[in-house]
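Each chain, written out:
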Amino acid sequence: MKRLTIILTLLLGGCSVHNINSYDLGTSSIVTAPSRYEYKVLKVEFPSALDALGSSRIYYKRDGITSYYLYSSWEQSLNRLIYSKLIKSLESSGSFKSVVGYSSYAKADLVLETQILDFYHIVKGDESYADIKFSVKLIDESSGKILKDKIYSYNIKVKELNAKGFIIAAQKAVNMFLEDLSSSLF
């Protein structure tokens, strides 16, 4: 019994516990813009993501190799974080009669589809940047016709070569995306 206690103490005491830092995308920018859709109901679909970007891992690319930060992650899946920012920003914009989520039973006039194409920390030597790209489609619900289709792309310099530095740049890019979306799509 004494041997088992010593072995367990050595095994458990020798293991180091790493704290995992979890991040969100900060507060959304609130953009108010006049809209020709102010009498329409908008349904915001849950964003999709290419490859594994929709997970809670924070990805980077260095020397042609894609990996993720071991001790840093998103608070929730990236899809869910982007969805939350979209809903809050669009609701507060006043551009629509109402904004409803993808699970709502309400009849919507318009549907917003968003796809996360890129959301990476790109590292090249001693420099790095956030490479963030979204594809957005505004669809007429009754006809299924695409009213607007646009790709939003952002490359923002990252000051620190770590996950925290990337998060700061990513927050800026997402806020820019929400502002651009409001001003150019609606």
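Refer to the structure presented above.
The residue count restarts for each chain, going from 1 along the sequence in the order it is written. Where totals are concerned, whole chains, interfaces and linings use all residues; where local detail is concerned, this predicted model gives features only for residues with pLDDT of at least 70, and gives and counts side-chain atom pairs only at 80 or more. Excluded from the side-chain calculation are hydrogens and water; included are all heavy atoms of the structure.

1. Side note on the environment of Leu42
Then, number 1: Looking at where Leu42 falls in the secondary structure, it is placed in strand 2 (residues 41-44).
Then, number 2: Of the residues examined, Leu42 reaches a relative accessible area of 0% and is grouped as buried.
Then, number 3: The spatial distance from the C-alpha of Leu42 to the C-alpha of Val111 is 5.7 Å, given a sequence separation of 69 residues. Per the convention used, a helix needs a DSSP run of H or I reaching at least four residues, while a strand needs a run of E reaching at least two, with both numbered from the N terminus. Relative accessibility thresholds used throughout: buried, under 20% of the residue-type maximum; exposed, over 50%; partly exposed, between the two (1.4 Å probe, protein chains only).

2. Description of the pairing of strand 8 (residues 127-140)
Then, number 1: Counting buried residues in strand 8 gives 10 out of 14 residues, a clear majority hidden from the surface.
Then, number 2: If DSSP finds at least two bridges between two strands, the strands pair. The pairing of strand 7 (residues 110-124) with strand 8 spans 14 bridges and is antiparallel. Residue pairing in the sheet places Glu113 in a bridge with Lys137 of strand 8.
Then, number 3: Hairpin connection of strand 7 to strand 8: two residues between the antiparallel strands, including Gly125 at a positive phi of 65 degrees.
Then, number 4: Bridge count between strand 8 and strand 9 (residues 146-157): 11 bridges; the pairing is antiparallel. Looking across to strand 9, one finds that Lys133 is bridged to Ser153.

3. Structural notes on the nonpolar core
One broad trend across soluble globular proteins is that nonpolar side chains are buried collectively.
Then, number 1: Joining through side-chain atoms within 4.5 Å is the link that ties buried Ala, Val, Leu, Ile, Met, Phe, Trp, Tyr and Cys residues into a set, and such a set is a nonpolar core. Grouped together as the largest cluster of nonpolar side chains are 44 residues, with contacts concentrated most on Trp74, Leu112, Phe119 and Phe177.
Then, number 2: Looking at this core, the elements that each hand over two or more residues are strand 2, strand 4 (57-62), strand 5 (65-74), helix 2 (78-93), strand 7, strand 8, strand 9 and helix 3 (163-185).
Then, number 3: Ranked by the residues each element gives to this core, the list is headed by helix 3, at 11 residues.

4. Considerations on helix 2
An α-helix turns once per 3.6 residues; consequently, residues spaced three or four apart project the same way.
Then, number 1: Expected span, for any helix, means 1.5 Å times one less than how many residues it has. In this model helix 2 runs 22 Å from its N-terminal to its C-terminal C-alpha over 16 residues, within 8% of the 22 Å that 1.5 Å per residue would give.
Then, number 2: Taken together, the buried positions of helix 2 are Leu78, Asn79, Leu81, Ile82, Tyr83, Lys85, Leu86, Ile87, Ser89, Leu90 and Ser93.
Then, number 3: Directly beyond the C-terminal end of helix 2, a positive phi value near 75 degrees is found at Gly94.

5. Some details on the packing of aromatic side chains
Then, number 1: The criterion for an aromatic pair is that two Phe, Tyr or Trp rings (for Trp, the six-membered ring) have centres within 6.5 Å, with stacked assigned to planes under 30 degrees apart, edge-to-face to planes over 60 apart and tilted to the rest. For the structure shown, the criterion picks out 11 aromatic pairs.
Then, number 2: On the basis of an interplanar angle of 45 degrees and a centroid distance of 4.8 Å, the ring pair of Tyr60 and Tyr69 is categorised as tilted.
Then, number 3: Seen in terms of ring centroids, Tyr83 and Tyr102 are 5.3 Å apart; in terms of plane orientation they differ by 70 degrees. Their pairing is edge-to-face. With Tyr83 in helix 2 and Tyr102 in the loop between strand 6 (98-101) and strand 7, this pair connects stretches of sequence that are 19 residues apart.
Then, number 4: By relative accessible area, Tyr83 is classed as buried at 13%.
Then, number 5: The structure contains a cluster of three or more aromatic residues connected by ring pairs, namely Trp74, Phe119, Phe134, Tyr152, Phe166 and Phe177.

6. Remarks on unusual backbone geometry
Then, number 1: With a phi angle near 55 degrees, Asp51 is a residue other than glycine that sits in the positive phi range.
Then, number 2: Backbone geometry places Asp63, a non-glycine residue, at a positive phi of 55 degrees.
Then, number 3: Within the secondary structure, Asp63 sits in the loop between strand 4 and strand 5.
Then, number 4: A relative accessible area of 69% places Asp63 in the exposed class.

7. Quick word on empty space enclosed by the protein
Then, number 1: Every definition here rests on a 1 Å grid over the protein atoms only: cavities are sets of points where a 1.4 Å probe fits but cannot get out, pockets are open sets enclosed by protein on both sides within 12 Å along at least five of seven lines, and lining residues have some atom within 4 Å of a point. Grid points are joined across faces, edges and corners, and a volume is the space filled by probe spheres set on the points. Counted by the stated rule, this structure contains one cavity of 30 Å³ or more.
Then, number 2: Here the largest cavity is characterised by a volume of approximately 30 Å³.
Then, number 3: Lining the largest cavity are Leu86, Ser89, Leu90, Leu178, Leu181 and Ser182.
Then, number 4: For the lining of the largest cavity, the elements supplying multiple residues, two or more each, are helix 2 and helix 3.
Then, number 5: Under the scheme applied, nonpolar residues are Ala, Val, Leu, Ile, Met, Phe, Trp, Tyr, Cys and Pro; charged residues are Asp, Glu, Lys and Arg; polar residues are all the others, including Gly. The residue makeup of the lining of the largest cavity, split by class, is four nonpolar, two polar and no charged.

In short, the description is geometric, and any link to function would need to be established separately.
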